[in-house]
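Breakdown of the fold
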Amino acid sequence: MNKLKVSIQDGCMLRREKKGGILSILKLNLFLLIFINSFSVFAQSGVLSGFVKLTEGSPVAYAVVSLYPDTIQALTNEKGYFEFKNISNGAYVLKVSSIEVNTQSFNINYKGEKNHHHFTVSPADGLLTQEVVVQAKTAKKDIETKGFAVNVIEPHIEARQSIQTNELLDRAAGVRIRQDGGLGSRISYNLNGLSGNAVRVFINGVPASNYGHSFSANSIPPALIERIEVYKGVVPAYLSEDALGGAINIVLKNKSRNSFVTSYSGGSFNTHQWNAAGSYRTQKGFSTNLSTFFNYSDNSYKVWGKNISFKDYTGQVFPNQKVKRFHDAYMSYGVKGELGFTDVKWADRFMIGGIFSKDYKEVQHGITMDLVYGDRHTRRTSNVATINYLKQDFLTKGLSVKADASYSYIKRQAIDTVGRMYDWSGNALQYPDGSYVLYNSGAEVASQKTLAINSDKTFLTRINLGYKIGLNNGLYFNYLHNTFIRGISDELQAKGLQMLENTRDLQKNIVSFTYENIAFNNKVKTNLFYKAYIQKAISNEPYKKEVVQNEPVYDVKILTNRVNFSGYGATISYEIISNLYFLSSYERAIRLPSPDEIFGNLNDNLLAPAQPLQPETSHNLNVGFNWSHDFNSHFVKVNSSVFYRNTKGMIREAIKTGSFTYSSFENLESVVSRGIDVELTYKFKKQLHLFLNVSKFASLFNTQYDINGAPYLFYRMQIRNEPSFKLNFNAAYNFHDLFAKNAKASIYYNMNFVQKFLRNWANMGGQNLDYIPTQWTHDLGVSYTIPSDKITLSVDAKNISNQQVFDNFGLQKPGRAFYAKITFSLNSK
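**Points about the overall build of the protein chain**
Within the protein chain, the regular secondary structure consists of four helices and 50 strands. Within the protein chain, the fraction of its 829 residues that count as buried is 54%. Sequence separation of at least 24 residues holds for 66% of the intrachain contacts in the protein chain that already meet a minimum separation of 6. Accessible surface for the protein chain amounts to roughly 35,300 Å². Of this, 58% is attributable to carbon and sulfur atoms.

Put into structure tokens, the structure is as follows:
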């Protein structure tokens, strides 16, 4: 008997072959753009699902299941399971096709029942030796071949490792995570040379800033994530934000089946992380999802170098010490819940939910490591209410509606009332008589003690409408409204100031239109879009106006700023030959200053700029290709793009010094960025996975003045505090049936290289590193999953060579660390 050989590879290629000569090759194109046959909200619809099995009971995997007269298709999984969503009641013909079986058809009278159907088919008779290639697009490949410069990360395997979501992002081509320290420290993102708020982060398409710091990519574990979409440069209009430099969209798991997963990780620096997530759905469509997490770390890793010094009360400095961080603990916890209905006649998804999260963060130092703190800390609380609605074929076939709304109340407090001086020994400085050395202001940071509370209220609403015209054309409309109101209070301020209105208001409206077209037998895809932006910022700032007869007189300074702008762009994807795509995208883009950039943020030692910030604008161009091929047991994929950014008024963070060291944002006149990134993927069967990416770019600052402000005919230099070359290599080897049948084990290795880069402008000195040195780190780990597939154990060693790792303005990150993790999961159809 001939044996059937099956191999499944990323890129959605499925190859089946029987040993012997190859007599014929059949290629079947399956497109996952399923058009639901529902003409009104009131039409009866549901989920048609089932299993396909052979007469002797074994499942038929990767069979093509076609449903007529709708002419839609699905692919069975390893258990022979398939499903069609939003199916109207009525009579259908279901056809099963596969090289393993004789093609068979079944008549079905579907009445919206929720139970699974079972279809028994007979094995193929006298089938000649042949090969069948079934090519179906997954969500990952569909996104990556639309013309955008985009990477899609699916953390299904990594979710069982002791790894953070931001660590996964840092492995992607063109992405660099900028972090001030250990767990819970401030994070920003760099995509191909553009960073900070030029790169917007979304959670399920909604701006992550609405959820607060404690529910973000810094705290959401990979186990809760379905995929991460990384758009570099040009951003699709449906995200509805001013993401000039790119966007990161975190798509959380949204399972319609019953499931539960929980994990705990512990390790170096007294780090503990736990998360759990569960979902439940009844046969009538009532659904509920609940997830929760807890993170804690002392962040007590060792730091050393010329900036790490001991001091005495006279001010004498003893540099080049090696010590543990002593005031950098972080704790966060939260819960996200939602309930509603999924896959019912009036909605594909209607959910009402809420998020509650809190965090506590000790502040070890400011924007540099020269001054060290021992008492200052911050607290944050986030309360968010959400509602979302999704319906395909709304009122008429081809019309889709997606609506989201949220209200968030985020409370942040900076506590700095002790004012004792510390050094890196962890001790407060003392005079010979035992009294403490104090700052004149009475606070470690700023010019006075503070218990300042920022109360941020944000209301967001977003509407996406889409209309498919036949199979090849689509029109889309997107609208986003965001209202931000910050109230500021500090009980330690003068009573006269407390009595005056102290608010910061920001309103943003973004409207976009998109046209999509598929032509030339699905080989060419184009996307044209237009975006309009309107923003209004109002600041009411109390201040001491004058002193009259020894009594202070207070007033309120009102500042208003309005911005109107329009942008446009296009993408094109052309399939030159099978699985080789040419990709290109262009956008005239804008980025509006964010609330923190305009108003500052005391929790992060960030002050409002001295001069009003202007929006930054840019011309963004990406050109690249995506190729993949399955050579029997070997799978190869190459993805590459070159990019060009011409940015005016780039908004950048800068160190400021005065009575204390802080940062604020400023505009740079003109910055040109150009570069290339390449991703290579190789897989051998289901055993060996190799992944390599390389990114190289240059961001040059052009100005008519030198860095000291003196007139200069033309001045060009590399942007400071910006890495320009990175390389990442990842390897994993999987073992099957190790120690027990159906058990799984893997060993994995990750290497990250960042070339040295300027900490400061080329002709300036600095208190910290003028150059942030080259960094080469190595991580190693192993995992083991028991045969039931319910429990996974993993052990990870990070930065095993204990390299000194630096980031923003020379801030040191953790050295060698060890972690262990256990994951438990339950799933059911």
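**Focus: the packing of aromatic side chains**
Under the definition given, this model contains 22 aromatic pairs. Linked through ring pairs, Phe286, Phe341, Trp346, Phe350 and Tyr389 together constitute an aromatic cluster. Directly above the aromatic system of Tyr771 lies the positively charged group of Lys756, at a separation of 4.7 Å from the ring centroid.

**Here we look at the sheet that holds strand β12 (residues 150-153)**
Spatial strand order, β12-β18-β19-β16-β17: five strands in an open sheet with mixed pairing. In the strand order of this sheet, the two ends are held by β12 and β17 (206-207), each with one partner. Examined bridge by bridge, strand β18 (residues 225-232) and strand β19 (residues 246-252) share seven bridges and lie antiparallel to one another. Its bridge partner being in β19, Val230 is matched across the sheet by Ile248.

**Considering the nonpolar core**
With 31 residues, the main nonpolar core has Leu169, Tyr189, Phe215, Ile228, Val230, Ile248 and Ile250 as its most contacted residues. Broken down by secondary-structure element, the contributors of at least two residues to this core are β13 (175-179), β14 (187-191), β16 (199-203), β18 and β19. Beyond its immediate chain neighbours, meaning those up to four positions away, Ile248 contacts Leu169, Tyr189, Val199, Arg200, Val201, Phe202, Ile228, Glu229 and Val230. With 21 residues, the next largest nonpolar core counts Val52, Phe106, Tyr110 and Val121 among its residues.

**Here we look at the sheet that holds strand β5 (residues 64-68)**
Hydrogen bonds along the backbone pair up the strands of a sheet, which may run parallel or antiparallel. The strand order across the open sheet formed by four strands is β6-β5-β8-β9, and the pairing between neighbours is antiparallel. Every other strand in the sheet has two partners, leaving β6 (72-75) and β9 (101-110) as the edge strands with one partner each. Adjacent strand axes in the sheet meet at a mean angle of 20°, parallel and antiparallel pairs treated alike. Direction of pairing for strand β8 (residues 90-98) relative to β9: antiparallel, over a ladder of eight bridges. By the bridge assignment for β9, Ala91 is matched with Asn109.

About the criteria used
Residues numbered from 1 in each chain as written. Predicted model: local features only at pLDDT ≥ 70, side-chain atom pairs only at ≥ 80, totals over all residues. Heavy atoms only, no water. Helix = DSSP H or I, 4+ residues; strand = E, 2+ residues; numbered from the N terminus. Buried < 20%, exposed > 50% of the residue type's maximum accessible area, 1.4 Å probe, protein only. Contact = heavy atoms within 4.5 Å. Areas by Shrake-Rupley, 256 points an atom, 1.4 Å probe, with all protein chains shown as cover. Phe/Tyr/Trp six-rings, centres within 6.5 Å; stacked < 30°, edge-to-face > 60°. Lys NZ or Arg CZ within 6 Å of the ring centre and 35° of its normal. Pairing = 2+ DSSP bridges. Core = buried A, V, L, I, M, F, W, Y, C linked by side-chain atoms within 4.5 Å. Axes fitted to C-alpha atoms, helices over the stretch in contact; angles between N-to-C directions.

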